[in-house]
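Notes for the structure review
Listed here are the chains, written in short residue letters.
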2 protein chains.
Amino acid sequence: MADSGGKQEFYVGVDLGGTKILTGVFTSKMECLGKAKMSTKAQRGFSAVIERIARCLRDAVDECDLDLKNVRGVGIGAPGAVDPDTGNVIFAPNLSWKDLPLQKELEKQIGLPVFIENDGNICTLGVYEVEMKSKPKHMVGIFIGTGIGAGLILNGQLYSGFNKTAGEIGHMIIEVGGPKCACGNKGCFEALAGRQAIFRRIQTAVKDGQKTILTDILGEELSDMRSGALRKAVRRKDKFIERIVEETSVYIGVAVANVINLVNPDTVVLGGGLIDALEDEMMPVIIKTAKENALAGTAKGIEIVPSKLGDDAGIVGGAVLARRKTK
Amino acid sequence: MADSGGKQEFYVGVDLGGTKILTGVFTSKMECLGKAKMSTKAQRGFSAVIERIARCLRDAVDECDLDLKNVRGVGIGAPGAVDPDTGNVIFAPNLSWKDLPLQKELEKQIGLPVFIENDGNICTLGVYEVEMKSKPKHMVGIFIGTGIGAGLILNGQLYSGFNKTAGEIGHMIIEVGGPKCACGNKGCFEALAGRQAIFRRIQTAVKDGQKTILTDILGEELSDMRSGALRKAVRRKDKFIERIVEETSVYIGVAVANVINLVNPDTVVLGGGLIDALEDEMMPVIIKTAKENALAGTAKGIEIVPSKLGDDAGIVGGAVLARRKTK
């Protein structure tokens, strides 16, 4: 398709998740030319995952009728604490990784410059540059997926703090003594509003006799539940799922209020699969709750908006990072 | 005392609170030469308060055998949202002030350059420069008084965000559906761990029959309760007050964990009258709770320390601000 004569003018973004790897090839104007997807298979260990990332990356490049030599750089977001300077993943519980040289090993495999960042940061970077055209001065991106990640842009720069873990909003405690979180603590935002927490709540209620259309759609076991199934149930006026979605939106609104009180950004962007699937239902409740729960005066003029990038925020952000770093 | 021949080498810091005004005169090395204190009398209105600030300021200067002409500048912290650029107080609920020109009117009264900031910011600035010698890169100061204020130093700079209200940590919700806060919301950090919240909890329990040494010290009405009285009760092994102090420390620890997860500073400083009075009892519980509740890896190497400035943090910060601005 793209006849570039080997000129390095493309960028690859990689979204490395606990369950899947997503790769995308982008022009220098951040237009996506093609994507590929693969399961992570984290249980096979670090080397196997590196090989899968490389394969998924080659698949996306090949899909666009390009070659690795057309690619100027690769940006990758990893779930957990990463050190962008050393290129190491410090701690990624979903992958069972600790102090592993992701950047170095991937560079060995593909022979291209690789840059890494925390996934919340990289999604925020993608939304900030491509969707918001770098206009906000202070922006917080919140991404609701299996877990909940976030990133902070302060004074136009990615801010990651002392241990490079700023933006771990999923583990902000908003209900002392609340439900147990995967991290071991109680009442974390993620344990109340993350996709996994919601799905567990639904499954438990159904086991206790709660009726829902979801069992018609997915079967009694409610296996392989996704955000899209929730949308279907809400569109079909399932009262129970409507209530779950509303409760979740209230928790998200409280977390946004906390971010406004503490960091006071001009823009809060909400993204990820859940928001993408249920934007119309969730955003009004999130915005109303956030404005009610932020201290009077602190939320004035602050934009609280949904991202349109959906699941692509990570690969867009990866490509943006690669473009920034190879300029 | 100080024979300066009229040379402007001194700075005045002003801590304007809802109940009292504190002023202090400082050398350029931030040594305090003298202080003065006066009740605010906010109910008398804006002009009356400005006059009282001017009077309290003159008292402190006179106390040091100095004259206003020896003062290079005045820095003042106000409780609420302030705009340091216009010098206006945007919103100060404790004073019932809205959009009032504090800087301009005080300058008129005293004929000296005045600089204003939010009180949480100014206390943080004082602790940062004088106590921490400007060493932290990212520091959060949390001050527990009647209410709870905070300030953020990020990359060595005071960060105040879009509406200049960053650091409103007292209204971070940490217990959805929890006790009602003065701001109108529920479960705010201040409603769980602010001095006023603690005092109310004690008064309510005593009315319900709870026994405590405090009634011996202060009388059955428990009027004029201060942090010092709590310290006395704890030192005299009052089990009930010990429990209240421990619960409060846990809430503060949770709030510190949230700050670590979200902002990830290298240093968290805790100050204000309550911490000052009960440092030995509270700090170990705060540190333990914060480290347990921050996501694994995020709190590594972060210093959580008490400020030694006590009630003087505000006047020290005011003097630091004046020195910064008149350099």
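Residues numbered from 1 in each chain as written. Chains lettered and ligands numbered in written order. Predicted model: local features only at pLDDT ≥ 70, side-chain atom pairs only at ≥ 80, totals over all residues. Heavy atoms only, no water.

**Some remarks on unusual backbone geometry**
A positive phi is found at Lys-41 of chain A, a non-glycine position, where the angle reads about 55°. Here Lys-41 of chain A is to be found in the loop between β3 (32–39) and α1 (46–63). Look at Lys-41 of chain A and you get partly exposed, because its relative accessible area is 31%. In this structure, Ser-96 of chain B takes a positive phi of about 55° despite not being glycine. (Helix = DSSP H or I, 4+ residues; strand = E, 2+ residues; numbered from the N terminus. Buried < 20%, exposed > 50% of the residue type's maximum accessible area, 1.4 Å probe, protein only.)

**With respect to the interface of chain A and chain B**
How big an interface is tends to be reported as the loss of accessible area on association of its parts. Listed by partner, the interface residues are 45 residues for chain A and 45 residues for chain B. For the pair chain A and chain B, the summed buried area comes to about 3,500 Å², and 60% of that belongs to carbon and sulfur atoms. Seen at the junction of chain A and chain B, the total is zero salt bridges. Here chain A and chain B share 30 residue pairs in polar contact (both at pLDDT 80 or more) between them. Listed by contribution, the elements that provide at least two residues to the side of chain A that touches chain B are β10 (148–154), α8 (239–263) and α9 (273–293) of chain A. Among the elements that take part in the side of chain A that touches chain B, α8 of chain A stands out by supplying seven residues, more than any other. (Contact = heavy atoms within 4.5 Å. Buried area = accessible area lost by both parts, 1.4 Å probe. Salt bridge = Lys/Arg side-chain N within 4 Å of Asp/Glu carboxyl O. Polar contact = N/O pair within 3.5 Å; in protein donor to acceptor, adjacent residues only side chain to side chain.)

**Brief notes about the packing of aromatic side chains**
Any two aromatic rings considered together are summarised by their centre-to-centre distance and by the angle between their planes. Residue and element names in this part refer to chain A. According to the stated counting rule, one finds two aromatic pairs over all chains in the structure shown. Pairing Phe-46 with Trp-97 gives two aromatic rings, centres 4.9 Å apart and planes at 80°, and the pair type is edge-to-face. Of this pair, Phe-46 sits in helix α1 while Trp-97 sits in strand β7 (residues 97–100), placing them 51 residues apart in sequence. (Phe/Tyr/Trp six-rings, centres within 6.5 Å; stacked < 30°, edge-to-face > 60°.)

**Thoughts on the sheet that holds strand β2 (residues 20–26) of chain A**
Backbone hydrogen bonds hold the strands of a sheet together, and the pairing may be parallel or antiparallel. All names here are of chain A. Ordered in space as β3-β2-β1-β4-β8, the five strands form an open sheet in which the pairing is mixed. Strands with a single pairing partner mark the edges of an open sheet, and in this sheet they are β3 and β8 (114–118). Along the sheet, successive strands turn relative to each other by an average axial angle of 15°, direction set aside. Across the sheet, α1 touches β1 (10–16), β2, β3 and β4 (71–78), and the angle it forms with β3 is around 150°. Strand contacts of helix α3 (residues 119–131): β4 and β8, with the helix running at about 105° to β8, the strand carrying the most contacts. (Pairing = 2+ DSSP bridges. Axes fitted to C-alpha atoms, helices over the stretch in contact; angles between N-to-C directions.)

**Here's the deal with the environment of Ala-78 of chain A**
Residues and elements named next belong to chain A. Within the fold, Ala-78 resides in strand β4. Judged by its relative accessible area of 0%, Ala-78 is buried. Sequence separation between Ala-78 and Gly-120 is 42 residues; the distance between their C-alpha atoms is 8.6 Å. Contacts of Ala-78, omitting those with residues within four sequence positions, involve Leu-16, Val-89, Leu-102, Glu-117, Asn-118 and Asp-119.

**A closer look at the domain arrangement of chain A**
Residue and element names in this part refer to chain A. Splitting chain A by domain gives domain 1 (10–125 + 313–326) and domain 2 (135–307). In this structure, domain 1 and domain 2 have C-alpha centres spaced 25 Å apart. Each partner contributes to the interface: domain 1 provides 14 residues, whereas domain 2 provides 15 residues. Taking both partners together, domain 1 and domain 2 bury about 1,000 Å²; carbon and sulfur atoms supply 58% of that area. Taken together, the links from domain 1 to domain 2 amount to two salt bridges. (Domains from an automatic or database assignment.)

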